[in-house]
Amino acid sequence: MGAAREKVRVARALGTLPLLAQALACGELSYAKVRALTRVATPETEERLLGVGRSGTAAHVERIVRGWRCVDRQAEARESKRQHASRALHVHQDDDGTVVLRGRLTPEVGALLLRALEAARETLYQKARSKETANRPADPSADVPTMAQQRADALALLAETALHHELDPGAPGERYQVVVHVDAPVLADPDQPGQSVLEDGPHVSAETSRRLACDASRVVMQHDEDGRLLEIGARTRTIPPALRRALLHRDHGCRFPGCRLPFGQGHHLQHWAQGGPTTLSNLALLCRRHHRAVHEEGYQVDRQPDGELRFRRPDGRPLPEVPSPATVPADPVQDLRERHDAQGFRFHVRTACPGWLEERLDVGWAIGALHPLATRGNGMTTFAGSSGA
C-alpha cells in the first residue's frame, strides 16, 4: 500500500512538471530518479533539476534532493507527507514461533506509542517490585528483565487492554498524554508564524497540530511578550463524552467516501480555533488516516443545507461516495507499445544512462549552483540553511 501511494504522489506531481514527465516517458530518467526529484521540483525549478537527473546516478540525485530539502523551507509540508507515507509496521512469525516486529512511525504517533509503552511498563514492573518487597525473594540474583524485555511485556499489556476495552479510546492517563505546544495564531491559521512542537520532541507541522487539536483535551496558557507564563486555564475536553456517543451513533464510522471504519476521531468542520462550535452539526467522524487527509493533504469537507457531507479532492473536484471503476485494455502490453509508437518513443540501451564521468559529487556546490534560495557573490556561496551533506 505504501508503494502504491508513493506512485500516486509521483503521478500527481508529474501533472505539473511536463519536462520530468516527458523524460520519464522517453526513458531518459528512471522512476527512482523521478520519484526523488518530484519531492522538491516546482515548475520554476524543474528544468535545472532535470539536468541533475540526466547527469547523475540515482544515488547522486537522492543526495542532491536531500540537500535541497534542507535549504527549502517550503518543504515542511512535503516532509510531513513523506513521513506519513513512509509509516509502516512489518510483522512476521519466525521459525521458532516468535513474532518479529519492525516499523516506522510519524513523530506524533511515535510519541503516542512511547508514552503508552512507558505507562504499561511502569504498571507491570511497579507491581512486580511491590511483590518482591513484600515477599523477600529467596534468590536475590534472579535475572531482572532487560529494558527491551520490559517493553515487549508492555506491548502485550497494551494489546490486551485495547481488546478488553474494544479499542475505545476512553480518557487517557494524565501522565502519559502526548502534549503538543502550539501558538493560538497557528491553530487559527497554519500560515501564521509560531511554534508547533511535541513536548520534549520534534517539530510538527501546523496542520498536524490542528488535526490533533480537533479531538483532544486542551489547556490554554497565556504568556507575556518575553515568554513568561501569566495564566493557565483548566484542562477541558474538546468533545465531551455525551456528544461523542451521539456522534458515534449518528455516523456509525468514518464518513470519508468508501471508508466506513467503525471508529475514528471527531473532526470539526469549522475548527474551534476559528470560532467553530463543538456541536453535532459541526462534527464528523473520520478515521485517523482520513482525518489526516482532510488536514494535511488538502482534502475538503463541508456540510450541505440538507445535512449531507460533501467531500472534495485537493484540486476541488467532488469526491464521489463510490469511485468509477478503472478501464483496463484487453491487451495492456500491446496498448502500451502502440502508444509509444504514436508518440515517437524509441528506446535503446543508452536511453537512461547518466552523463556522469565518475567525478566526485560536491553536494554543497551543487545546491549552491542550483537552489534558488542560495545567493552567490564575490565568488562565495551562502545558504538559507544547511545542505545536510
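Just so it is clear, the model here is predicted, and its values are computed rather than measured. (Residues numbered from 1 in each chain as written. Predicted model: local features only at pLDDT ≥ 70, side-chain atom pairs only at ≥ 80, totals over all residues. Heavy atoms only, no water.)

1. So, the overall build of the protein
Here is step 1 of the chain: A count of helices and strands for the protein gives 14 helices and 14 strands.
Here is step 2 of the chain: Scored against the burial criterion, the 389 residues of the protein give a buried share of 29%.
Here is step 3 of the chain: The long-range share in the protein, meaning contacts at least 24 apart out of those at least 6 apart in sequence, stands at 56%.
Here is step 4 of the chain: Split by element, the accessible area of the protein, about 24,900 Å² in all, is 54% carbon and sulfur. (Helix = DSSP H or I, 4+ residues; strand = E, 2+ residues; numbered from the N terminus. Buried < 20%, exposed > 50% of the residue type's maximum accessible area, 1.4 Å probe, protein only. Contact = heavy atoms within 4.5 Å. Areas by Shrake-Rupley, 256 points an atom, 1.4 Å probe, with all protein chains shown as cover.)

2. Re the pattern of salt bridges
Here is step 1 of the chain: The full count for this structure, using the stated rule, is 18 salt bridges.
Here is step 2 of the chain: Between Arg-244 and Asp-215 there is a salt bridge, and its shortest N-O distance comes to 2.5 Å. With a gap of 29 residues between them, Arg-244 in helix α11 (residues 241-251) and Asp-215 in the loop between α10 (206-214) and β5 (217-218) connect regions that are remote in the sequence. Taken individually, Arg-244 and Asp-215 each receive the classification buried, so the pair is uniform in this respect. (Salt bridge = Lys/Arg side-chain N within 4 Å of Asp/Glu carboxyl O.)

3. A closer look at the packing of α10 against helix α12 (residues 288-296)
A pair of packed helices is captured by two measures, namely the crossing angle of their axes and the spacing between those axes.
Here is step 1 of the chain: Here α10 crosses α12 at 130°, and the two axes come no closer than 9 Å. Considering their axes alone, α10 and α12 lie oblique with respect to each other. Viewed along their axes, α10 and α12 form a crossing whose handedness is right-handed. The segment α10 lies against α12, with Glu-207, Thr-208, Arg-210, Arg-211 and Cys-214 engaging His-291, Arg-292, His-295 and Glu-296.
Here is step 2 of the chain: In terms of residue class, the contact of α10 with α12 is built from one nonpolar, three polar and five charged. (Axes fitted to C-alpha atoms, helices over the stretch in contact; angles between N-to-C directions. Parallel < 35°, antiparallel > 145°, perpendicular 65-115°, else oblique. Left-handed = near helix turned anticlockwise from the far one by under 90°. Nonpolar A, V, L, I, M, F, W, Y, C, P; charged D, E, K, R; others polar.)

4. Some details on the packing of aromatic side chains
Here is step 1 of the chain: Applying the stated criterion to the full structure yields three aromatic pairs.
Here is step 2 of the chain: Geometrically, the ring pair formed by Phe-256 and Tyr-299 is edge-to-face, given 5.6 Å between the ring centres and 75° between the ring planes. In this pair, Phe-256 sits in the loop between α11 and β9 (265-268) while Tyr-299 sits in the loop between α12 and β11 (300-303), placing the two residues 43 residues apart along the sequence. Tyr-299 matches Phe-256 in its accessibility class, with the two residues each being buried.
Here is step 3 of the chain: The rings of Phe-256, Tyr-299 and Phe-311 are connected pair by pair, giving a single aromatic cluster. (Phe/Tyr/Trp six-rings, centres within 6.5 Å; stacked < 30°, edge-to-face > 60°.)

5. Let's talk about the confidence of the model for the protein
Here is step 1 of the chain: Overall, the prediction assigns the protein a mean pLDDT of 82, with 85% of residues at 70 or greater.
Here is step 2 of the chain: Confidence over residues 137-141 falls short of pLDDT 50; this stretch has one contact with residues more than four positions distant or in other chains.
Here is step 3 of the chain: Contacts for the low-pLDDT stretch residues 375-389, under 50 throughout, to residues beyond four places or in other chains number 27 contacts. (pLDDT = per-residue confidence, 0-100.)

6. Examining the nonpolar core
A general tendency of soluble globular proteins is for nonpolar side chains to be buried together.
Here is step 1 of the chain: Leu-20, Leu-29, Leu-37 and Ile-64 are the most contacted members of the largest nonpolar core, which has 25 residues in total.
Here is step 2 of the chain: The element contributing the most residues to this core is helix α5 (residues 58-71), with five residues.
Here is step 3 of the chain: Those residues in contact with Leu-37 that sit more than four places away from it in its chain are Leu-20, Leu-29, Leu-49, Gly-53, Val-61 and Val-65.
Here is step 4 of the chain: Grouped together as the second largest cluster of nonpolar side chains are twelve residues, Ala-284, Val-294, Tyr-299 and Leu-319 included. (Core = buried A, V, L, I, M, F, W, Y, C linked by side-chain atoms within 4.5 Å.)

7. Description of a nonpolar patch on the surface
Here is step 1 of the chain: On the surface, Leu-89, Val-91, Val-99, Leu-101, Leu-105, Leu-113 and Leu-155 cluster together into a nonpolar patch covering about 610 Å² of accessible area.
Here is step 2 of the chain: Contributing elements (two or more residues each) for the nonpolar patch: β1 (88-93) and β2 (99-104).
Here is step 3 of the chain: Relative to the elements of secondary structure, Leu-155 occurs in helix α8 (residues 147-164). (Patch = residues over 30% accessible without salt bridge, like charges linked within 9 Å, V, L, I, M, F, W, Y side chains within 5 Å.)

8. Let's talk about the environment of Phe-256
Here is step 1 of the chain: Taking relative accessible area as the criterion, Phe-256 reaches 7% and is therefore assigned buried.
Here is step 2 of the chain: For the pair Phe-256 and Glu-321, spaced 65 residues apart in the sequence, the C-alpha separation amounts to 8.1 Å.
Here is step 3 of the chain: Ignoring any residue separated from it by four or fewer positions in sequence, one finds Phe-256 in contact with Leu-286, His-290, Tyr-299, Phe-311 and Leu-319.

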